[in-house]
Amino acid sequence: MSEARGLVTTVLGRDHPLYDDVVLLTSELATNAILHTRSGAGGSFTVTVISSETAVRVLVTDAGSDGPPCVCRTSPQSTSGRGLPLIEALSHRWGFTRQDGSTTVWFELLQERVPAGAAL
């Protein structure tokens, strides 16, 4: 997962306004790839970070699993199961595709534009 966070740092830089959220959500998807897919059983996964002036999109492609990703609700006492609900809560859009035995889960964060002359 440190490599996934490092990729975000390389692509965006620590000064990017979405950096903290992108690192957090990328780490969640990387963790899910390791814990819930065949990638964690000796396989691998790929992280792609795409940045533009208006948005950042991250895609994590893993070795697939028996079922689709689940936005399962957990109890407050649970120590896991909050990854996709966190993605759902913090991202502007997210989704997944399953193809040829692999799964790609992605999220997108939009940069808020401050109108010229507006006070911060």
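Every value quoted in this text rests on a predicted model; they were computed, and no experiment measured them.

Colleague: Please explain the sheet that holds strand 2 (residues 55-62) as it appears in this structure.
Modeller: Strand pairing within a sheet occurs via backbone hydrogen bonds; the two strands may be parallel or antiparallel. Ordered in space as 1-2-4-3, the four strands form an open sheet in which the pairing is antiparallel. Where the open sheet ends on each side, the last strands, each with one partner, are strand 1 (46-51) and strand 3 (93-99). The average undirected angle you get between the axes of adjacent strands in this sheet is 15°. Running at roughly 20° to strand 1, helix 1 (residues 2-12) makes contact with strand 1 and strand 2 of the sheet.

Colleague: Just checking my understanding: could you explain the pattern of salt bridges for this structure?
Modeller: Side chains that carry opposite charge are capable of pairing whenever their charged atoms lie near each other. Across all of its chains, the model carries three salt bridges by this definition. Of the charged contacts in the structure, one is a salt bridge between R57 and E108, with a shortest N-O distance of 3.3 Å. Of this pair, R57 sits in strand 2 while E108 sits in strand 4 (residues 102-110), and the two are 51 residues apart along the sequence. By relative accessible area, which is 24% here, R57 ends up partly exposed. Owing to a relative accessible area of 12%, E108 belongs among the buried residues under this scheme.

Colleague: So what exactly am I meant to see when it comes to the environment of P17 here?
Modeller: Relative to the helices and strands, P17 is located in the loop between helix 1 and helix 2 (19-36). For the pair formed by P17 and Q111, sequence separation is 94 residues and the distance between their alpha carbons is 7.5 Å.

Colleague: Is there a simple way to think about the packing of aromatic side chains in this case?
Modeller: For any pair of aromatic rings, geometry is given as the distance between the ring centres together with the angle between the planes. For the structure shown, the criterion picks out zero aromatic pairs. Sitting over the ring of W106, R57 keeps its end group 4.1 Å from the ring centre.

Colleague: Before we go on, may I ask you to explain the environment of R57 in this structure?
Modeller: Placed 35 residues apart in sequence, R57 and V22 show a C-alpha to C-alpha distance of 8.7 Å. Those residues in contact with R57 that lie beyond four places of it in its chain are T48, V49, I50, R93, W106, F107 and E108. Separated by 3.3 Å, the side chains of R57 and E108 make a polar contact.

Colleague: Just to check I follow, could you spell out helix 1 for this structure?
Modeller: Given 3.6 residues per turn, any residue in an α-helix points the same way as the ones three and four places further on. Along helix 1, the residues that are buried comprise A4, V8 and L12. One side of helix 1 carries all its buried residues, which in axial view fall inside an arc of 50°. Turned more than 90 degrees away from the buried face of helix 1, the exposed residues are E3 and T10. On its buried face, helix 1 is in contact with helix 2, strand 1 and strand 2. Once helix 1 ends, the next one or two residues include G13, with phi positive near 85°.

Colleague: Honestly, helix 3 (residues 83-90) in this entry has me stumped. Any pointers?
Modeller: Among the residues of helix 3, G83, L84, P85 and I87 are the ones counted as buried. Buried-residue contacts for helix 3 involve helix 2, strand 3 and strand 4.

Colleague: Explain the packing of helix 2 against helix 3 here, please?
Modeller: When two helices pack together, their arrangement is captured by the angle between the axes and the distance separating the axes. Where helix 2 contacts helix 3, the axes come no closer than 9 Å and their chain directions differ by 150°. For the element pair helix 2 / helix 3, the angle class is roughly antiparallel. By crossing handedness, the relation of helix 2 to helix 3 is classed as left-handed. When helix 2 is examined against helix 3, the residues L24, L25, E28, L29 and N32 are found in contact with a partner set consisting of G83, L84, L86, I87 and L90. Among the residues forming the contact of helix 2 with helix 3, the class breakdown is seven nonpolar, two polar and one charged.

Rules used throughout
Residues numbered from 1 in each chain as written. Predicted model: local features only at pLDDT ≥ 70, side-chain atom pairs only at ≥ 80, totals over all residues. Heavy atoms only, no water. Pairing = 2+ DSSP bridges. Helix = DSSP H or I, 4+ residues; strand = E, 2+ residues; numbered from the N terminus. Axes fitted to C-alpha atoms, helices over the stretch in contact; angles between N-to-C directions. Contact = heavy atoms within 4.5 Å. Salt bridge = Lys/Arg side-chain N within 4 Å of Asp/Glu carboxyl O. Buried < 20%, exposed > 50% of the residue type's maximum accessible area, 1.4 Å probe, protein only. Phe/Tyr/Trp six-rings, centres within 6.5 Å; stacked < 30°, edge-to-face > 60°. Lys NZ or Arg CZ within 6 Å of the ring centre and 35° of its normal. Polar contact = N/O pair within 3.5 Å; in protein donor to acceptor, adjacent residues only side chain to side chain. Arc of directions from axis to C-beta. Parallel < 35°, antiparallel > 145°, perpendicular 65-115°, else oblique. Left-handed = near helix turned anticlockwise from the far one by under 90°. Nonpolar A, V, L, I, M, F, W, Y, C, P; charged D, E, K, R; others polar.

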